[in-house]
Amino acid sequence: GTLIGLLDTIELKERVPDANVRIPVLGRYTDRGTIAMGKVESGTIRAGMKVVLMPTRNEYKVEGVWANEEPVLAARPGENVLVKLGGGCAVEDCQKGFVICSKPPCRAVSKMICDIALLDMPDSCQIMTAGFGAIFHCHCCEEE
């Protein structure tokens with residue numbers, strides 16, 4: 001088998017449009033309301049629906065949805081979207097790294113268990129030992 005042959009045999013999991021809405025917030029701005037930017041990872045988001053912003057658990061109404069800068073009635077998994085959040089959502093209430101959810105919302109955690117893949121080692125340190133200063137890259141996470 002070749003690499004191309006192996007890649008051709010991989011079965012990709014479908015994104016489920018009927019699942020709960022999950023949109024990680026990649027950024028936000030204000031334009032006559034708070035606009036959150038993100039990608040629909042699961043579910044279908046529509047104008048008029050109620051959503052929960054995690055981890056704060058605040059509830060807001062979706063006042064509008066845009067895909068590719070065009071207003072749409074609904075956005076499905078895989079689409080990059082702009083979501084206008086109403087119901088008193090201030091721009092500081094919607095932070096990068098938050099997740100827009102339908103009910104039941106996703107869980108918030110303070111600890112996690114993960115597998116680490118060692119991709120590269122600096123030339124100055126060819127062995128990983130106690131005290132090694134590793135860098136953890138996490139999609140859309142921001143800690144201040």
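Residues numbered from 1 in each chain as written. Predicted model: local features only at pLDDT ≥ 70, side-chain atom pairs only at ≥ 80, totals over all residues. Heavy atoms only, no water.

A. Structural view of the overall build of the protein. Regarding its fold elements, the protein presents one helix and nine strands. When the elements of the protein are put in sequence order from the N terminus, they spell out α-β-β-β-β-β-β-β-β-β. With respect to the principal axes defined by its C-alpha atoms, the protein has extents near 55 × 40 × 30 Å. Relative to its full complement of 144 residues, the protein shows a buried share of 29%. Taking contacts inside the protein between residues at least 6 apart in sequence as the whole, the part at least 24 apart equals 63%. Within the structure as shown, the protein displays about 10,500 Å² of accessible surface, and the carbon and sulfur contribution to it stands at 53%. Treating the 16 positive side-chain charges of the protein as one cloud and the 19 negative ones as another, the clouds have centres 9 Å apart. (Helix = DSSP H or I, 4+ residues; strand = E, 2+ residues; numbered from the N terminus. Buried < 20%, exposed > 50% of the residue type's maximum accessible area, 1.4 Å probe, protein only. Contact = heavy atoms within 4.5 Å. Areas by Shrake-Rupley, 256 points an atom, 1.4 Å probe, with all protein chains shown as cover. Lys, Arg positive; Asp, Glu negative; His and termini not counted. Charge placed at Lys NZ, Arg CZ, Asp CG, Glu CD.)

B. Representation of the side chain of R22 within the structure. In this structure, R22 sits in strand β1 (residues 22-30). For R22, which is buried and forms no salt bridge, the nearest opposite charge comes from E41, at a distance of 11 Å. Discounting chain neighbours no more than four positions away, the residues touching R22 are K39, V40, E41, S42, V99, I100, C101, S102, P104, P105 and C106. (Salt bridge = Lys/Arg side-chain N within 4 Å of Asp/Glu carboxyl O.)

C. View of unusual backbone geometry. A cis amide bond links M54 with the next residue in sequence, P55, at an omega value of 15 degrees. Summarising the element assignment, P55 is placed in the loop between β4 (50-54) and β5 (58-67). Backbone torsion omega between K103 and P104 reads -5 degrees, so that peptide bond is classified as cis. Residue position: P104 is located in the segment after β9 (99-101).

D. Geometry of the pairing of strand β2 (residues 34-39). Note that β1 and β2 share five bridges and pair antiparallel. In the strand pairing of β2, R28 is matched with A36. Between β1 and β2, which pair antiparallel in sequence order, lie three residues; one of them, R32, sits at a positive phi of approximately 55 degrees. Sheet analysis places β2 next to strand β8 (residues 80-85), joined by six bridges and oriented antiparallel. Counterpart to I35 in the pairing with β8 is K84. (Pairing = 2+ DSSP bridges.)

E. Quick peek at the pairing of β1. Where β1 lies against β9, three bridges are found, and the strand directions are antiparallel. Within the sheet, the bridge partner assigned to P24 lies in β9 and is V99.

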